[in-house]
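# Chains, contacts and geometry: an overview
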Amino acid sequence: ELIFLFVMSFSVNAAEDLSNQIRIVEVAGAVKEVKVIRAVGKKEAPLRSGEILFVGDEVQVAPRQVVVLQAYDGSQWKLAPETQFRIESRKPDPKTFAYWTFQLTKGSMWGAVKKDNIEKDGFRLKVRTKTASMGIRGTEYFMMGDEKRSVLDVLEGSVWWGKDPAFAPGSYQEISAGHRAEIGADGRISVTENKKNKAQLVKDYGLDLGVEGNSAMRGSAQQCISLGKGWKSIDGSNLGECVEKSE
């Protein structure tokens with residue numbers, strides 16, 4: 001009995017340890033190491049596919065590089081070139097056992113979060129940018145943000161979207177699949193229908209490294225320059241549009 005209890009306790013602890021880790025499953029592009037600032041000691045560490053990220057670690061994606069991450073439950077995220085991303089916490093929650101919180105400091109990402117069987121209003125993930133916060137029970141989405149503007153496209157399910165990461169009543173809108181939502185520095189939310197398919201959104205968010213022929217890609221000036229394109233601002237924010245240099 002003591003042996004059984006020890007094995008069961010060890011298994012539970014091992015599962016908890018794994019659930020608090022995120023693995024780098026792919027580093028695509030010419031540079032096969034991704035720059036990570038470790039939470040412990042704030043030291044820079046070049047990591048490769050197969051290595052582990054922990055709470056507090058910050059990922060700094062290089063130009064022409066896409067980084068794919070995966071959690072213990074199979075949820076995945078892709079980080080676009082020039083994206084700065086931080087794993088903020090893994091918080092306990094009675095409705096979902098625990099959920100991740102991320103910070104997208106700048107850049108863009110795709111994510112697919114498994115919903116599983118959780119209670120209504122329980123979170124699996126929260127992501128915040130400089131201007132917005134997103135809460136997920138389980139969905140597939142694209143997201144980009146900087147200090148002036150944040151953009152969200154929902155592919156399935158629904159997402160909570162607002163400025164307040166606590167999602168106080170009246171502070172957010174629920175964005176359903178097939179819609180794009182934006183928040184500017186003033187905190188106003190705008191929602192429009194988006195008829196683009198996933199492949200088009202992959203290009204729009206700079207996640208396709210073979211996107212040289214796409215002149216309508218949106219992103220930062222650094223992302224556009226890394227693709228050999230020019231850049232123009234759409235609304236005064238750092239998230240503009242990649243254009244041919246002759247335009």
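First, a word on scope: everything that follows refers to the structure included in this document. Just so it is clear, the structure is predicted and the values come from calculations on it, not from any experiment.

### Considerations on the side chain of T131
- Among the secondary structure elements, T131 is positioned in the loop between β10 (125–128) and β11 (133–136).
- One polar contact links T131 to S150, side chain to side chain, over a distance of 2.6 Å.
- If we ignore the near neighbours within four places in the chain, the residues touching T131 are D146, E147, K148, R149, S150, K163, I183, G184 and A185.

### So, the packing of aromatic side chains
- By the definition in use, this model includes 7 aromatic pairs.
- Where W100 meets F102, the ring centres are 6.1 Å apart and the plane angle is 35°; that geometry is what we call tilted. An identical accessibility class is assigned to W100 and F102; each is buried.
- Between W160 and Y172, the aromatic rings sit 4.3 Å apart at their centres with planes inclined by 15°, giving stacked as the arrangement. Of this pair, W160 sits in strand β14 (residues 158–162) while Y172 sits in strand β15 (residues 172–176); the two residues are 12 residues apart in sequence, bridging distant segments of the chain.

### Overview of unusual backbone geometry
- The backbone of R64 shows a phi angle near 55°, a positive value even though the residue is not glycine.
- Tracing the backbone shows R64 in the loop between β5 (58–60) and β6 (65–71).
- Backbone geometry places F167, a non-glycine residue, at a positive phi of 50°.
- You can see F167 is positioned in the loop between β14 and β15.
- Look at F167 and you get buried, because its relative accessible area is 6%.

Parameters and conventions
Residues numbered from 1 in each chain as written. Predicted model: local features only at pLDDT ≥ 70, side-chain atom pairs only at ≥ 80, totals over all residues. Heavy atoms only, no water. Helix = DSSP H or I, 4+ residues; strand = E, 2+ residues; numbered from the N terminus. Polar contact = N/O pair within 3.5 Å; in protein donor to acceptor, adjacent residues only side chain to side chain. Contact = heavy atoms within 4.5 Å. Phe/Tyr/Trp six-rings, centres within 6.5 Å; stacked < 30°, edge-to-face > 60°. Buried < 20%, exposed > 50% of the residue type's maximum accessible area, 1.4 Å probe, protein only.

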